[in-house]
Amino acid sequence: MLWYHWLTIGAFLVCIIALMAHFIRLIYLGKPKDYSRKSGNVTKAVAYSATVAMIDHKESAYLHIPTYFAGMVYHIGTFVSFLLLLFFFINMILQITLPQWIVWVLIAGLSLSALCGFSLLIKRAVSKPMRSLSNADDFISNLLVSLFQLASVAYLLCSCKELSYYLSATILLLYMPVGKLKHLVYFFAARYHLGFFYGWRNVWPPKKPLQ
Amino acid sequence: MKKLTKEQIDKALKILRMPEDSKLVTHLNACVHCGLCATSCVYFLTMKEDKYVPARKVELVASLYRRYCTLTGKIIPKLINARELDEKMAEEMIDLLYGACTICGRCVKHCSIGVDIAYVVKVGRQMLAAMDLVPPSLQSIVDAALNTGNNMGITTEEFTDTIQWMEEELIDEMQDENARIPLDEKNKNILYTLNPREPKFFPLSISAMAKIFYAAKESWTLSTSMYDVTNYGYYSGNNEHAAIIAKKLYDEVKKLNANTLVLGECGHGSRSTRWEGPNYLSTEYDFTTLTVVEIINDYIRSGRIKLDKTIINEKVTIHDPCNLVRNGGLLNEIRFAVKSAVADVVEMDPYGNDNFCCGGGGGQLAMSEYNERRLNIGAIKAEQIRKTKATIVVTPCHNCIDQLTQLNHHYKLNIKIKSIAEIVADALVVEN
């Protein structure tokens, strides 16, 4: 193992510990205590919140299909990139060779994902309402993730790009707990709280309107 | 604005620094600034200004959280837009959190992440309230409720006179000398509450409900000292005031020993009593709390009242109050009541959980400084109503009724606006 492998593993541990700290704080703070009389089913509502509610009659999805699609692909690409990084870590011991067709699927998928990432970055920079809403962290986060995906593609295409791949991963992992990328933790907590709120009041899961 | 004192700032920041649970921390860290919430907000849709994007409102509170409660915000605030709490910030917060949000929660349902934007706006209002920066118009309503027991400062004598007048109307209409609107009677099944706009401006909605209670042979009473279902402490963000108002109503139920507290037709009143009241008091209520819609439906389902759908021959549409439907789960309860009373009901587009706010929520009707904005954002509701071609709009919220009445005049809709009790009373078949 080379120095940059160790560097990335170190960054990975720092990232995990920092994100775990955020998660543990949420657990420590606990869920809201509601004294009102419950009217619905919180468990079903939380399940709905974490699944179907992400697309069901959701304006942020159906009124903004290109952006929503790009966002979905981008997030899937991000998760795949991290899984690939984990695979590379483990593979330093296992020494497995990925089948060539999987490599090409990954190259195609991550290329598309990186393209989506850069298109979202351009939208943020060009659109006035988006620009006025954004801060430096929004641009940096988007850029680092997109570059990491691009570096993954480059490394899959040519092992000569190994150094730049691991360096991009290291920078991203160290930056993750600092800015908005920590929404990796808070996204799931937000879906839980939303499900709890609407479930308690019998709003979710939604009922079929009386005809 | 006067310079903020350290004491004011500390009081406001305490709300961020000492969260009661994980909800606040979650929602302040979850927004990714995707901006997709913009098209769900009546303010942005009608006025097209960037500052009205709901995420911008979250950002105000979140930027303070980042500045004072995170390491990055303390070391490199510019990187994550971590802002100081100063006079400029406070002015922005007042303008956007009080003056440009009805807390309708429409953006919440449509947020790509699931940030409870309305909740964060409420927290921002709590911070402003902690600094004594509640708009004076809104605070005066809260003060009236604290000092007189109702938000319009109606005297007991004036209230009693109105109720007696309505009782005489009821006797005439029912042709029954025993028809009554009971006041301050103990050990009744129901303590019924009102929006003070009813005795002040819409007394016929009281007689409509009295007629329904009469037909259902209900054991009920009104209180002369605490009949106000509203709680503007909920909108001002001052939880101490909200708790005092909630406690008055709680104590009145106990004093009169009623089994059930029935909440009059008021969206935020129902929400602040049924859902928030127990939390203000940290107490589980040991009596049942129901909205008037639910009690009417109970009468219809059990056959205690009978309705004739052929009496009302006009096309009717329903306006869903945000606090009762999107935030209260009464989507089908409202439809059951209206569709039991009317044959020709047409829905707005969109309706139910996706319905647009009328523009009167969030305390907007109380804050005259934002009147122009309020009427502007009402354009969406006016257009929704116009498209239905309905001549009657029914809504179980007197706040909404007030806003719809103004929209009716402003946008020349030529409609009638009725409460649920009024439409049900119109269709009521009374068998003496």
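Residues numbered from 1 in each chain as written. Chains lettered and ligands numbered in written order. Predicted model: local features only at pLDDT ≥ 70, side-chain atom pairs only at ≥ 80, totals over all residues. Heavy atoms only, no water.

## Brief notes about unusual backbone geometry
Cis geometry marks the peptide bond from A:Trp204 to A:Pro205; its omega dihedral reads -10°. Looking at the element boundaries, A:Pro205 is found in the segment after helix H9 (183-200). Of note, B:Lys48 is a non-glycine position whose phi angle comes to about 55°, a positive value. Structurally, the position occupied by B:Lys48 is in the loop between helix H3 (42-47) and helix H4 (54-69). Of note in this structure, B:Asp184 is not a glycine but carries a positive phi near 55°. Mapping B:Asp184 onto the fold places it in the loop between helix H10 (156-174) and strand S1 (190-192). (Helix = DSSP H or I, 4+ residues; strand = E, 2+ residues; numbered from the N terminus.)

## A word on the interface of chain A and chain B
Listed as interface residues are 58 residues of chain A and, on the opposing side, 64 residues of chain B. A combined buried area of about 5000 Å² lies between chain A and chain B, and 55% of that area is made up of carbon and sulfur atoms. If you sort the residues of chain A by the area they bury against chain B, A:Tyr35, A:Leu133 and A:Arg201 come out on top, with a joint share of 15%. Here A:Lys33 makes a salt bridge to B:Glu284, at a shortest N to O gap of 3.9 Å. Where chain A touches chain B, the interface holds 30 residue pairs in polar contact (both at pLDDT 80 or more). Those elements that provide at least two residues to the side of chain A that touches chain B are helix H1 (3-29), helix H3 (59-62), helix H5 (100-126), helix H6 (128-133), helix H7 (136-157) and H9 of chain A. For the side of chain A that touches chain B, the element with the most residues is H9(A), which contributes eleven residues. Here the side of chain A that touches chain B is composed, by residue class, of 26 nonpolar, 13 polar and 19 charged. (Contact = heavy atoms within 4.5 Å. Buried area = accessible area lost by both parts, 1.4 Å probe. Salt bridge = Lys/Arg side-chain N within 4 Å of Asp/Glu carboxyl O. Polar contact = N/O pair within 3.5 Å; in protein donor to acceptor, adjacent residues only side chain to side chain. Nonpolar A, V, L, I, M, F, W, Y, C, P; charged D, E, K, R; others polar.)

## Side note on the sheet that holds strand S4 (residues 288-291) of chain B
Residue and element names in this part refer to chain B. A sheet is described by the order of its strands in space; here four strands give the open sequence S2-S1-S3-S4, paired in parallel fashion. The open sheet terminates on both sides in strands that have one partner only, identified here as strand S2 (220-222) and S4. Adjacent strand axes in the sheet meet at a mean angle of 25° when their direction is disregarded. Pairing of strand S3 (residues 260-263) with S4 involves four bridges; the strand directions are parallel. Counted as the bridge partner of Thr 260 is Thr 288 from S4. (Pairing = 2+ DSSP bridges. Axes fitted to C-alpha atoms, helices over the stretch in contact; angles between N-to-C directions.)

## Section: the state of the cysteines
Following the criterion strictly, the structure yields one disulfide over all chains and no others. The disulfide that involves A:Cys158 links it to A:Cys160, with 2.2 Å between the sulfurs. Residues A:Cys158 and A:Cys160 are joined by a disulfide whose S-S torsion is about 135°; by sign, that bridge is right-handed. On the basis of relative accessibility, which here comes to 30%, the residue A:Cys158 falls in the partly exposed class. For A:Cys160, a relative accessible area of 56% gives the class exposed. Just so you know, A:Cys116 is unpaired, no disulfide at all, and the nearest cysteine sulfur is the one on B:Cys34, 15 Å from it. Look at A:Cys116 and you get buried, because its relative accessible area is 8%. (Disulfide = S-S within 2.5 Å. Buried < 20%, exposed > 50% of the residue type's maximum accessible area, 1.4 Å probe, protein only.)

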